[in-house]
Amino acid sequence: QVQLVESGGGLVQAGGSLRLSCAASGRTFSTDAMGWFRQAPGKEREFVAAIWSGGSTYYRGAVKGRFTISRDNAKNTVYLQMNSLKPEDTAVYYCAVLKPGTHSPMDYWGKGTLVTVSS
């Protein structure tokens, strides 16, 4: 059974930083592409960043240059370093296993971690 457990969220002032972690279990994640998604109040869940097994990364335009996704395959953990945070980054953040060759998530979801950025 696949389990994804996100942590590291919190309340931060605009311009601040947070580092999110996602501990994964239940499959061989080292060969999977992994991603981060977020859902703001009243909005659809949206893609944030992806990292492939070889280390290549991809970001949505609004976070490029501010967020960095990384992974530690030995720990089955994916990270999202978020710098220069803005109020519009406020959302619940989720990690996901990506469908091969896409930015679309498989249907495995954790509870997410709430990030609140105050102005």
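Right, let's walk through the structure included here. The numbers attached to residues start from 1 for each chain and follow its sequence in the written order. Only residues with pLDDT of 70 or above have their local features reported here, since the model is predicted, and side-chain atom pairs are shown and tallied only from 80 upward, although totals for entire chains, interfaces and linings are computed over all residues. With hydrogens and water excluded, all non-hydrogen atoms of the structure serve as input to the side-chain values.

## Some details on the sheet that holds strand S8 (residues 77–82)
Strand pairing is assigned whenever DSSP detects at least two bridges linking the two strands. A run of DSSP states H or I qualifies as a helix once it reaches four residues; a run of E qualifies as a strand once it reaches two. Both are numbered from the N-terminal end. As summarised here, the arrangement of the four strands in space is S1-S3-S8-S7, forming an open sheet in which the pairing is antiparallel. Because the sheet does not close on itself, it has two edges, and the strands there are strand S1 (3–7) and strand S7 (67–72). The sheet shows a mean angle of 15° between the axes of neighbouring strands, direction not considered. Bridge count for S1 against strand S3 (residues 18–25) is five bridges, and the pairing is antiparallel. Paired with Leu4 across the bridge in S3 is Ala24. All axes here are fitted lines through C-alpha atoms, helices being fitted over the stretch that makes contact, and every angle between N-to-C directions spans 0 to 180 degrees.

## Thoughts on the nonpolar core
General note: in soluble globular proteins, nonpolar side chains tend to be found buried as a group. Counting 29 residues, the largest nonpolar core has Trp36, Leu80, Met82 and Tyr93 as its most contacted members. Among all residues touching Tyr93, those that are not within four sequence positions of it are Glu6, Leu20, Trp36, Phe37, Arg38, Val48, Phe67, Leu80, Met82, Gly112, Thr113 and Val115. Grouping buried Ala, Val, Leu, Ile, Met, Phe, Trp, Tyr and Cys residues that are joined through side-chain atoms within 4.5 Å yields what is termed a nonpolar core. Burial classes follow relative accessibility: with a 1.4 Å probe on protein chains only, a residue under 20% of its type's maximum area counts as buried, one over 50% as exposed, and anything between as partly exposed. Core analysis: the second largest hydrophobic core is formed by six residues, Ala33, Phe37, Ala50 and Ala96 among them. When checking whether two residues touch, look at their non-hydrogen atoms; a contact exists if any pair is within 4.5 Å.

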